[in-house]
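Spelled out, the chains give:
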Amino acid sequence: MARFSRRNHSQAAAPAAGARIVLASFRPTTEGFEKLPADPAAAGLVTLALPNGNAAELLESTFHQQRFDDLGDAAKARVAAFAKAIAGSPDSRLRRAAAGYEGLEAAEAEVLARDPAGDVRTALSQNHHAVLRLAPATLVEFCGVEPELIRNVTSELSRPDDEDDVEACRERIKAIEAALAVNPDQSVRTDARAYVARFIERFEEAAGEKKRPRFIDLRSRHQDDPVFSEPLGEYVWVLGFAGAEGGDGWLADDAPVMPLARTIFESSCFGCWLPEGSASEEVLDRLALERSYEIRGEIARREDIPAAAAKRLIADPVREVRSAVLENEAATEHLSDEEILAAIGGDPYVIEDLCEGFPGERIAKLIAAKFAGHADPRVAEAIAGLDLEEDAEA
């Protein structure tokens, strides 16, 4: 059945009442995330309290894209405890995120199946592993006559993850099929029975003809990126809990923590979970150190970019990141004329790109003064298009 269902994880401590979710970065002291650093300062810990809505955005991306297979038992216990904590949150946005966690225990799945928030139930219906943790009768009750839930659940049941899943899916899909007989909506019956037929074709007929059944590896939806694939000494990112009054008590070895792969930052909408003005300078400076140029580019484009990050990224080895800094007036305010001109470097493409992007007056004047008379006609044409006299009159 599901990968997490047979593991006996050691228990991790529950967060204190009123605890807030924090984004944190530090250097791990052991491989595999088996122990959290005992000395936050030495580990270079930086934290940022996230509003629940922002944390939910980041968690939904995490559960949809990230795999936890490579974590050790202690780390998996902390992940499970984190998911359990948000599954019991009074905030339905966090419960919706928890409903997408494939390691949900049966008790948590049953509670979320009766959640008063419709989007929480929808998220649960799209979680293959959670659907299999609901008993057939509970699953029928969960779906009721709701078309979206019936479609989602029968779709998940029609594609077992492996051979161990087949019997569990068969039992549940037959229960759903029986309930469909009294469903008054013809379109719902038709859609759901199409998934039933798909299951029969793949597994019932394959078994009768002694063919190997066609499994769909649901893990292919995850990016094949171990959570902590970086060598020791590299900064990592996690979500944890801080007490209602702040502090770093979540760093205890048994604290609930959700590690984040770098691909989560690369694929997530920064504006959704880390809006402008919401992050401290130390967090943005840390993100500017990331090895992913996509993450560095996100920081380069922010209006709240700190001076240290701007000065680091204007000398970035990737042209796309340097260009993002040059196009961001909030970033260039932190830079000297020499730093700006060094980043442009006389590259005709960069000059043309900046001129066509309606640069601010300072950048325009620097380009015109530095590169007037450039041997490349492309540069001369770009500078001619700046219309500096009109800018001066305005």
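In the block above lies the structure referred to throughout.
Residues numbered from 1 in each chain as written. Predicted model: local features only at pLDDT ≥ 70, side-chain atom pairs only at ≥ 80, totals over all residues. Heavy atoms only, no water.

Let us now look at the overall build of the chain. Assigned secondary structure in the chain consists of 22 helices and four strands. Across the 394 residues of the chain, 48% fall into the buried class. A total of about 18200 Å² of accessible surface is found on the chain, and carbon and sulfur atoms cover 48% of it. (Helix = DSSP H or I, 4+ residues; strand = E, 2+ residues; numbered from the N terminus. Buried < 20%, exposed > 50% of the residue type's maximum accessible area, 1.4 Å probe, protein only. Areas by Shrake-Rupley, 256 points an atom, 1.4 Å probe, with all protein chains shown as cover.)

Pairs may arise between side chains of opposite charge once their charged atoms sit close together. In the structure shown here, the tally under the stated rule is 14 salt bridges. In this structure, Arg-302 and Asp-304 form a salt bridge, with 2.8 Å as the shortest nitrogen-oxygen distance. Since its relative accessible area comes to 4%, Arg-302 is described here as buried. Between Glu-352 and Arg-378 there is a salt bridge, with the nearest N and O atoms lying 2.9 Å from each other. Within this pair, whereas Glu-352 is found in helix 19 (residues 348–356), its partner Arg-378 is found in helix 21 (residues 377–384), the two being separated by 26 residues in sequence. Overall, Arg-378 belongs to the partly exposed group, its relative accessible area being 33%. Among the charged side chains, a network of salt bridges with common partners joins Glu-60, Arg-96 and Asp-119. (Salt bridge = Lys/Arg side-chain N within 4 Å of Asp/Glu carboxyl O.)

We now examine the nonpolar core. If you look at the biggest cluster of nonpolar residues, it comprises 100 residues, and the most contacted ones within it are Leu-239, Phe-265 and Leu-287. Apart from the residues within four sequence positions on either side, Phe-265 is in contact with Leu-23, Leu-58, Trp-237, Leu-260, Phe-270, Trp-273, Leu-287 and Ile-295. (Core = buried A, V, L, I, M, F, W, Y, C linked by side-chain atoms within 4.5 Å. Contact = heavy atoms within 4.5 Å.)

Take the pairing of strand 1 (residues 20–26) next. Where burial is concerned, most of strand 1 is hidden: six out of the seven residues are buried. As defined by bridge partners, strand 1 adjoins strand 3 (residues 236–242) across seven bridges and the pair is classed as antiparallel. Across the sheet, Ile-21 pairs through a bridge with Phe-241, a residue of strand 3. (Pairing = 2+ DSSP bridges.)

Now for the pairing of strand 3. The side chains of a regular strand alternate between both faces of the sheet. The element strand 3 is largely enclosed, with a buried count of seven among its seven residues. Burial along strand 3 is two-sided: Val-236, Val-238, Gly-240 and Ala-242 and Trp-237, Leu-239 and Phe-241, pointing in opposite directions, are all buried. Two strands pair when backbone bridges link them, and strand 3 and strand 4 (residues 258–260) are joined in this way by three bridges, in the antiparallel orientation. Its bridge partner being in strand 4, Val-238 is matched across the sheet by Pro-259.

Right, let's get into helix 19. All of the buried residues along helix 19 are Val-350, Ile-351, Leu-354 and Cys-355. One face of helix 19 carries all of its buried residues, which in axial projection span an arc of 130°. Buried positions along helix 19 lie against helix 16 (319–326), helix 18 (337–344), helix 20 (361–371) and helix 21. The opening residue of helix 19 is Asp-347, an N-cap whose side-chain oxygen sits 2.8 Å from the backbone nitrogen of Tyr-349. With its phi angle positive at about 55°, Phe-358 sits one or two positions after the end of helix 19. (Arc of directions from axis to C-beta. Polar contact = N/O pair within 3.5 Å; in protein donor to acceptor, adjacent residues only side chain to side chain.)

Here four strands make up an open sheet; going across it, the order is 2-1-3-4 and the pairing antiparallel. Bordering the open sheet on either side are strand 2 (46–49) and strand 4, each of which pairs with just one other strand. Taken over all neighbouring pairs, the strand axes of this sheet differ in orientation by 25° on average, direction set aside. Helix 1 (residues 52–65) rests against strand 1, strand 3 and strand 4 of the sheet, and its axis sits at about 75° to strand 4. Across the sheet, helix 2 (residues 73–87) touches strand 1, strand 3 and strand 4, and the angle it forms with strand 3 is around 50°. (Axes fitted to C-alpha atoms, helices over the stretch in contact; angles between N-to-C directions.)

By the secondary structure assignment, Arg-296 is in helix 14 (residues 293–300). Arg-296 has contacts with Leu-287, Ala-288, Glu-290, Arg-291, Leu-313, Asp-316, Pro-317, Val-318 and Val-321, leaving out every residue within four places of it along the chain.

Of note, Thr-122 is situated in helix 5 (residues 118–125). Here Thr-122 is in contact with Glu-148, Leu-149 and Asn-152, once residues within four sequence places are set aside.

Looking now at the environment of Leu-366. Tracing the sequence through the fold places Leu-366 in helix 20. The exposure class assigned to Leu-366 is buried, which follows from its relative accessible area of 13%. For the pair Leu-366 and Glu-338, spaced 28 residues apart in sequence, the C-alpha separation works out to 9.7 Å. Those residues within four positions of Leu-366 in sequence are excluded, and the remaining contacts are Asp-337, Ile-340 and Leu-341.

Residues of helix 4 (residues 106–113) that are buried: Glu-108, Ala-109, Leu-112 and Ala-113. One side of helix 4 carries all its buried residues, which in axial view fall inside an arc of 140°. When the buried face of helix 4 is taken as reference, the exposed residues oriented beyond 90 degrees from it are Ala-107 and Val-111. Here the buried face of helix 4 lies against helix 2, helix 3 (92–98), helix 5, helix 6 (128–133) and helix 7 (136–143).

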